[in-house]
Amino acid sequence: MNILIINGPNLNLIGKREPEIYGSETYSELLHFIDQLSKEWGFTYKIVQTNHEGAIIDFLHEAINQYQGIVINPGAYTHYSYAIYDAIKAINIPTVEVHLSDISRREPFRATSVIAPACVAQFYGEHFKSYYRAIQYLLEVTNV
Ligand code: DQA
């Protein structure tokens, strides 16, 4: 299985950014964590990060015919980007939403994900383990 992992705005700053919420591990530690998983579990992947909504949509479109599953952390776009919701619906690739923090127990605006209805699953609140669970879900539950 070839998996595309998309990280949205401000995720490049994890480790420095509000560590009490997002943890003290850095973005390069996240890259290392995913790479270790890919070796253990035997999947191929590409991981990208962008601070731009349109770039996220371009990555989703380019995934067609290349990836069998997508993990996406859209950052704050989660809470208001209908364009990302539409793009996920358009490409027809099982997509799992992830968040490092527990979006259900923070500011009220974070409790709503407008992209969740386009996704096959959502994992949050477990820092890197949220990505672990998302990839595990794609490998074990979605039959692709
Ligand atoms: C986040 C949660 C979002 O609400 C926030 O805007 C982020 C990160 C997370 O991974 O916990 O940038 O997606």
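Cut-off values and rules
- Residues numbered from 1 in each chain as written.
- Predicted model: local features only at pLDDT ≥ 70, side-chain atom pairs only at ≥ 80, totals over all residues.
- Heavy atoms only, no water.
- Near = heavy atom within 4 Å.
- Areas by Shrake-Rupley, 256 points an atom, 1.4 Å probe, with all protein chains shown as cover.
- Nonpolar A, V, L, I, M, F, W, Y, C, P; charged D, E, K, R; others polar.
- Helix = DSSP H or I, 4+ residues; strand = E, 2+ residues; numbered from the N terminus.
- Buried < 20%, exposed > 50% of the residue type's maximum accessible area, 1.4 Å probe, protein only.
- Polar contact = N/O pair within 3.5 Å; in protein donor to acceptor, adjacent residues only side chain to side chain.
- Salt bridge = Lys/Arg side-chain N within 4 Å of Asp/Glu carboxyl O.
- Pairing = 2+ DSSP bridges.
- Axes fitted to C-alpha atoms, helices over the stretch in contact; angles between N-to-C directions.
- Contact = heavy atoms within 4.5 Å.

Neighbouring residues of the ligand: Pro9, Arg17, Tyr22, Asn73, Gly75, Ala76, His79, His99, Leu100, Ser101, Ile103 and Arg110. Look at the ligand: alone it shows 320 Å² of surface, and the protein chains cover 99% of it. Partitioning the shell around the ligand into residue classes produces 5 nonpolar, 5 polar and 2 charged.

Our next topic: the environment of glutamine 66. With respect to the element layout, glutamine 66 can be found in the loop between α3 (53-62) and β3 (69-73). In this structure glutamine 66 comes out as partly exposed when scored by relative accessible area, which is 43%. Separated by 27 residues in sequence, glutamine 66 and isoleucine 93 have C-alpha atoms that sit 10.0 Å apart. From its side chain, glutamine 66 meets the backbone oxygen of glutamate 62 in a polar contact 3.1 Å long.

We now examine the pattern of salt bridges. Evaluation of the coordinates by the stated rule reveals 5 salt bridges. When the shortest N-O distance is used, the salt bridge between arginine 110 and glutamate 107 registers 2.7 Å. With relative accessibility at 34%, the residue glutamate 107 sits in the partly exposed group.

The next thing to look at is the sheet that holds strand β2 (residues 44-49). Pairing is parallel across the open sheet formed by 5 strands, whose spatial order is β2-β1-β3-β4-β5. Across the chains shown, the open sheet's two edge strands, defined by having one partner strand only, are β2 and β5 (121-124). Pairs of neighbouring strands in the sheet enclose a mean axial angle of 20°, with direction left out of account. Direction of pairing for β3 relative to strand β4 (residues 95-99): parallel, over a ladder of 3 bridges. Note on β4: the bridge partner recorded for valine 71 is valine 96. Sheet contacts for α3: β1 (2-7), β2 and β3; angle to β1, the most-contacted strand, approximately 175°.

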